[in-house]
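Structure at a glance
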Amino acid sequence: MKTVGLRKNVEGTGRKAGAASSAAVVTAGAEGHHTRAAIVQLLLEEGPITATAIGNKLGLAPAGVRRHLDALIDSGQARASRSAPWQQKGRGRPAKQYQLTATGRGKLGHAYDDLAGAAIRQLGEIGGDQAITDFARKRARTIVAGIDPVGEHTPETTEAKAEEIAEAFTDAGFAATTRKVGSGVQICQHHCPVAHVAEEFPQLCAAELEAFRDLLGTHVQRLATIANGDCACTTHVPLLVLPITTSKAAPQTAAQPATVRTNDSGRSAE
């Protein structure tokens, strides 16, 4: 009886140890997944960014950060490049900067693209191009609903309104930020949840730009778009305000995504 009892205890202990080991593996895997997701989010919102900066923001060891970055590069979701000389702090070899590729962004919420594309094509067949344009404008107005047009035009009020617009687009899934550049401010949309659809229907991009102009009351300019293969949708807003003199019925070509590439946004290498 004692032997049987001991065997049962040993077997029981073995099962418990095995269960604990399995649980530890699952936990480690879950933690790794969350860490990888956090790194991807940083690459999306702040890339290009160095491994050191990622580690500082997330409280991770450099080796752990590089392990995740290497995995993302191997899978084609991220890429690395050397910092420009003016970005280098201190002496030594310029640090590598990491950012998402189009493949990496493609894994971040392009669900239902086929369905959305089919629906818009059907809308065009029924109501023509104007129906698609009206739909795109209504969608853009919905994103910025509740935001009033800028009142008194000053650099401060214009910049604040640009930040308000960026917050609204972030809430809609665009991961938007603003940054001062020269005598203007840029609205940068680091992710576009409808990028694949916008490649076929540029009216979506045009309607966003039109909404920016209506709210900011100045001639904003699109510098780059994800739909055209750039790393972000970048819109320049002059702080020295140039009043709009054209009507809303201006030709659509004025609001089409720009094909001009800038060194700031870059183009995906893949």
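Residues numbered from 1 in each chain as written. Predicted model: local features only at pLDDT ≥ 70, side-chain atom pairs only at ≥ 80, totals over all residues. Heavy atoms only, no water.

Quick notes on the sheet that holds strand β3 (residues 96-100)
The strands that make up a sheet pair up through hydrogen bonds in the backbone, lying either parallel or antiparallel. Here three strands make up an open sheet; going across it, the order is β1-β3-β2 and the pairing antiparallel. The two strands at the open ends of the sheet, each matched to only one other strand, are β1 (49-50) and β2 (78-82). In this sheet, β3 lies alongside β2 in antiparallel orientation, the contact comprising five bridges. Residue pairing for β3: Ser 81 is matched across the bridge by Gln 97. Its contacts with the sheet put helix α3 (residues 62-74) on β2 and β3, and the angle it makes with β2 is roughly 110°. (Pairing = 2+ DSSP bridges. Helix = DSSP H or I, 4+ residues; strand = E, 2+ residues; numbered from the N terminus. Contact = heavy atoms within 4.5 Å. Axes fitted to C-alpha atoms, helices over the stretch in contact; angles between N-to-C directions.)

Points about the state of the cysteines
Chemically, a disulfide is nothing more than a covalent bond linking the sulfur atoms of two cysteines. Inspection of the entire model under this criterion finds zero disulfides. With no disulfide of its own, Cys 192 has Cys 233 as its nearest cysteine by sulfur position, at a separation of 5.3 Å. Cys 205 takes part in no disulfide bond, and the closest cysteine sulfur, belonging to Cys 233, lies 5.9 Å away. (Disulfide = S-S within 2.5 Å.)

Considerations on the packing of aromatic side chains
In total, this model carries two aromatic pairs according to the counting rule given. Arranged with centres 5.1 Å apart and planes meeting at 70°, the rings of Phe 169 and Phe 174 form a pair that is edge-to-face. The same class applies to Phe 169 and to Phe 174, which are both buried. Measuring from centroid to centroid gives 5.4 Å for Phe 169 and Phe 212, while their planes differ by 70°, and the two rings are edge-to-face. (Phe/Tyr/Trp six-rings, centres within 6.5 Å; stacked < 30°, edge-to-face > 60°. Buried < 20%, exposed > 50% of the residue type's maximum accessible area, 1.4 Å probe, protein only.)

Topic: the pattern of salt bridges
Think of it this way: side chains of opposite charge can pair up when their charged atoms draw near. Following the criterion strictly, the structure yields six salt bridges and no others. The partner of Arg 137 in a salt bridge is Glu 210, with the nearest N and O atoms 3.0 Å apart. With a gap of 73 residues between them, Arg 137 in helix α5 (residues 113-143) and Glu 210 in helix α8 (residues 203-216) connect regions that are remote in the sequence. Look at Glu 210 and you get buried, because its relative accessible area is 17%. In this structure, Arg 222 and Glu 208 form a salt bridge, with 3.3 Å as the shortest nitrogen-oxygen distance. Within this pair, whereas Arg 222 is found in strand β6 (residues 221-224), its partner Glu 208 is found in helix α8, the two being separated by 14 residues in sequence. Overlapping salt bridges, with partners in common, bring together Arg 139, Glu 208 and Arg 222 in one network. (Salt bridge = Lys/Arg side-chain N within 4 Å of Asp/Glu carboxyl O.)

Focus: the nonpolar core
Ile 165, Phe 169, Ile 187 and Phe 212 are the most contacted members of the largest nonpolar core, which has 23 residues in total. For this core, the secondary structure elements donating two or more residues are α6 (155-171), β5 (184-189), α8 and β7 (233-238). At five residues, the largest contribution of residues to this core is made by α6. Leave out the neighbours within four places in its chain, and Phe 212 touches Ile 165, Phe 169, Ile 187, Gln 189, Gly 217, Val 220, Arg 222 and Thr 235. One finds Leu 44, Ile 49, Ala 51 and Val 65 within the second-largest nonpolar core, a separate group that totals 15 residues. (Core = buried A, V, L, I, M, F, W, Y, C linked by side-chain atoms within 4.5 Å.)

Some points on the side chain of Gln 99
Mapped onto the fold, Gln 99 is located in strand β3. Look at Gln 99 and you get buried, because its relative accessible area is 10%. With near-sequence residues (within four places) excluded, Gln 99 lies in contact with Leu 43, Pro 48, Gln 77, Ala 78, Arg 79 and Cys 231.

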